[in-house]
Amino acid sequence: MPHDFMPGLAGVPAAKSAVSDVDGERGVLVYRGIRVEELCASSSYLETAYLLLFGQLPNRDTFTRWQQDIMHHRRVKYSIVDLMKCLPEQGHPMDALQAAVAALGMFYPGRNVKDVENNYWSAVRLVAKLPTIVATWARLRHGNDAIPPRDDLGFSENFFYMLTETPPHPSWGEIFDDCLILHAEHTMNASTFTGLVTASTLADPYTVVASAIGALKGPLHGGANEEVVLMLKEIGTPERVPGYIDEHLKNKKKLMGFGHRVYKVKDPRAIILQRLCERLFHECGTSPLYDIAVKVEQAAEELLKGKGIYPNVDFYSGVIYDKMAIETDLFTPLFAMARVSGWLAHWLEQLRENKLFRPDQIYAGDHNRPYVPLDQRA
Ligand SMILES: CC(C)(COP(=O)(O)OP(=O)(O)OC[C@H]1O[C@@H](n2cnc3c(N)ncnc32)[C@H](O)[C@@H]1OP(=O)(O)O)[C@@H](O)C(=O)NCCC(=O)NCCS
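Cut-offs used in this document
- Residues numbered from 1 in each chain as written.
- Predicted model: local features only at pLDDT ≥ 70, side-chain atom pairs only at ≥ 80, totals over all residues.
- Heavy atoms only, no water.
- Helix = DSSP H or I, 4+ residues; strand = E, 2+ residues; numbered from the N terminus.
- Buried < 20%, exposed > 50% of the residue type's maximum accessible area, 1.4 Å probe, protein only.
- Contact = heavy atoms within 4.5 Å.
- Core = buried A, V, L, I, M, F, W, Y, C linked by side-chain atoms within 4.5 Å.
- Near = heavy atom within 4 Å.
- Polar contact = N/O pair within 3.5 Å; in protein donor to acceptor, adjacent residues only side chain to side chain.
- Areas by Shrake-Rupley, 256 points an atom, 1.4 Å probe, with all protein chains shown as cover.
- 1 Å grid on protein atoms, 1.4 Å probe; cavity = no way out; pocket = protein on both sides within 12 Å on 5 of 7 lines; lining within 4 Å.
- Sits in = over half its atoms within 2 Å of the grid points.
- Nonpolar A, V, L, I, M, F, W, Y, C, P; charged D, E, K, R; others polar.
- Patch = residues over 30% accessible without salt bridge, like charges linked within 9 Å, V, L, I, M, F, W, Y side chains within 5 Å.
- Salt bridge = Lys/Arg side-chain N within 4 Å of Asp/Glu carboxyl O.
- Pairing = 2+ DSSP bridges.
- Phe/Tyr/Trp six-rings, centres within 6.5 Å; stacked < 30°, edge-to-face > 60°.
- Axes fitted to C-alpha atoms, helices over the stretch in contact; angles between N-to-C directions.
- Parallel < 35°, antiparallel > 145°, perpendicular 65-115°, else oblique.

Undergrad: Kindly report on the overall build of the protein chain, identifying the contributing residues and their values.
TA: When you go through the protein chain residue by residue, the secondary structure sums to 16 helices and 3 strands. Seen along its three principal axes, the alpha-carbon backbone of the protein chain occupies a region of about 70 × 55 × 45 Å. Split into buried and exposed, the 378 residues of the protein chain put 51% on the buried side. By sequence separation, contacts in the protein chain at least 24 residues apart represent 76% of the contacts at least 6 residues apart.

Now the structure itself:
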């Protein structure tokens, strides 16, 4: 049956899913039917991860068990730490994360994806261990020892502790947790689709997550938050914004952290993140990057008026992480450690009615070309 070719599969449904939904015209994002604004106001990352993975909010007992299961699986084996020690310290943390996650699959018997119990423990391990891997790499590459997790700290506080050996400023845990909620899931994006293609072969979940991490790395996807902060630092002062943006757009360059395939209004996540920025700066002192970011948004609105291009999730998140003294190249790994719950939610959903992805193509090459022997070629 002939089909129209849709570059980037724009508008082509790749799955039926009940995990999340976006209304790009109204700027509404729901996880399992609940708006992200409500989740940020009332939930935690771990509770939201449970909601995404299993379709409903946990009751008190289930939530306690889920938190304990996560807490008991945060450590990574010495062999994984040793493996990371062998990687070049100047390499990108996303590559280290991808390598470590792929290696995790060699240590855990997650290969039979028809085993529901085993799938639960794979999800627990992946949600629990990604922050440990990110923090471990952040320390090892500077010649510091990895710091084991602390059981008295919550998910987000513990991440900061594993990075710096001190628990964070009291409000940072809450603000960071909201950032993780906002990055946890976003319908059929490039990395989720990549994970599902891998999952459709019935590969184990570690391989599914490792392939999704590869797709998330690119600057058109999760890599944009890193590029945003580099751009804001390059601009340097609010006064230089109009000239820089004008020149940038005249040269037909895209503004990182702006635009979205689905949203035609400001990304609801960017609105919440901007509020989180303001809360953070109110409590911990402002950041020069925020003033530049607000100016960039104003200038872009002026110049891109009518094109439906507004800040996306990557625009303000980097400003928050920068204020929390997190190194710029760790921003995309932070995205991955949140998004792993969304990837795995889609993986579990797809396993219930799996079909191997095997799309078609429109062949645009030759037929019947003769083979020319090497010594007769021009
Ligand atoms: C996310 C993104 C890939 C979606 O783009 P898309 O739906 O494929 O849209 P296109 O790239 O085809 O762009 C459509 C038009 O908007 C413009 N546009 C889109 N994003 C833009 C941006 N960030 N800055 C300037 N112009 C942009 C394009 O130049 C194009 O203009 P034209 O019609 O005059 O040629 C794109 O907006 C982008 O590259 N953004 C920057 C990277 C980023 O922040 N990614 C994170 C996404 S959460």
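Undergrad: Go over the nonpolar core with me, naming the residues and quoting the values.
TA: Ranked by size, the top nonpolar core spans 109 residues in total, and within it Y45, F176, V296, I320 and I326 carry the most contacts. When residues no more than four places from it in sequence are discounted, the contact partners of Y45 are V127, F155, D177, L180, I181, A184, M337, A338, V340 and S341.

Undergrad: Give me the site of the ligand: which residues, what numbers.
TA: K254, L255, G257, F258 and K307 are the nearest of the 17 residues found near the ligand. For the ligand, an oxygen atom lies 2.4 Å from a polar atom in the side chain of K254. K307 places a polar side-chain atom, nitrogen or oxygen, 2.7 Å from an oxygen atom of the ligand. The fraction of the free accessible surface of the ligand (860 Å²) that becomes covered by protein chains is 66%. When atom positions are compared with the pocket grids, the ligand is found to occupy the largest pocket. Residues of the shell around the ligand, tallied by class, amount to 8 nonpolar, 5 polar and 4 charged.

Undergrad: Describe in detail a nonpolar patch on the surface, supporting the description with residues and values.
TA: Among the surface-exposed residues, M6, L9 and V12 lie close enough to one another that they form a single nonpolar patch of about 240 Å² accessible area. Within the secondary structure layout, M6 lies in the segment before β1 (20-23).

Undergrad: Can you lay out the sheet that holds strand β2 (residues 28-31) for me, pointing to particular residues and giving the numbers?
TA: Reading across the sheet, the 3 strands line up as β1-β2-β3 and stay open at both edges, with antiparallel pairing between neighbours. Only two strands of the sheet have a single neighbouring strand rather than two, namely β1 and β3 (34-35). With 2 bridges joining them, β2 and β3 adopt antiparallel strand pairing. Looking at the pairing, V30 lines up with R35 of β3.

Undergrad: Before we move on, could you go through the side chain of H221 and cite the residues and values that matter?
TA: You can see H221 is positioned in the loop between α10 (205-216) and α11 (224-235). Note on H221: relative accessible area 15%, which makes it buried.

Undergrad: Please set out the pattern of salt bridges residue by residue, giving values where relevant.
TA: One pass over the structure, following the stated rule, counts 16 salt bridges. Across the salt bridge formed by E37 and R35, the nearest N and O atoms sit 3.5 Å from each other. A relative accessible area of 28% means that E37 is categorised as partly exposed. The partner of D329 in a salt bridge is R141, and the shortest N-O contact between them spans 2.7 Å. You can see D329 sitting in the loop between α15 (313-323) and α16 (331-351) and its partner R141 sitting in the loop between α6 (116-140) and α7 (155-164), a full 188 residues away along the chain.

Undergrad: Tell me about the packing of aromatic side chains, and name the residues and values.
TA: Under the criterion given, the structure shown has 19 aromatic pairs. When the ring of F54 is compared with that of Y120, the centres are 5.8 Å apart and the planes differ by 35 degrees; the resulting orientation is tilted. Placement of F54 in helix α2 (residues 45-54) and of Y120 in helix α6 is noted, with a sequence separation of 66 residues between them. With 5.0 Å between their ring centres and 85 degrees between their planes, Y120 and W121 make a pair best called edge-to-face. Three or more aromatic residues link up through ring pairs in this structure, and these residues are F159, F160, W172, F176, Y321 and F331.

Undergrad: Hey, could you go over unusual backbone geometry for me, with residue numbers and the actual values?
TA: Positive phi values are uncommon outside glycine, yet E165 reaches one of about 70 degrees. With respect to the secondary-structure elements, E165 resides in the loop between α7 and α8 (170-183). Relative accessible area serves as the criterion here: at 49%, E165 is assigned to the partly exposed category. A positive phi angle, near 70 degrees, is found at L202, a position not held by glycine. For L202, a relative accessible area of 35% corresponds to the partly exposed category.

Undergrad: A description of the packing of α11 against helix α14 (residues 288-303) should follow, citing residues and the corresponding values.
TA: Two measures define how a pair of helices packs: the angle their axes make with one another and the distance between the axes. Relative orientation of the contacting elements α11 and α14 amounts to 100 degrees, with a least axis distance of 10 Å. Judged by the angle between their axes, α11 and α14 are roughly perpendicular. Of the residues in α14, those in contact with V229, M231, L232, K233 and I235 of α11 are L289, I292, A293 and V296. The class makeup of the residues in the contact of α11 with α14 is 8 nonpolar, no polar and 1 charged.

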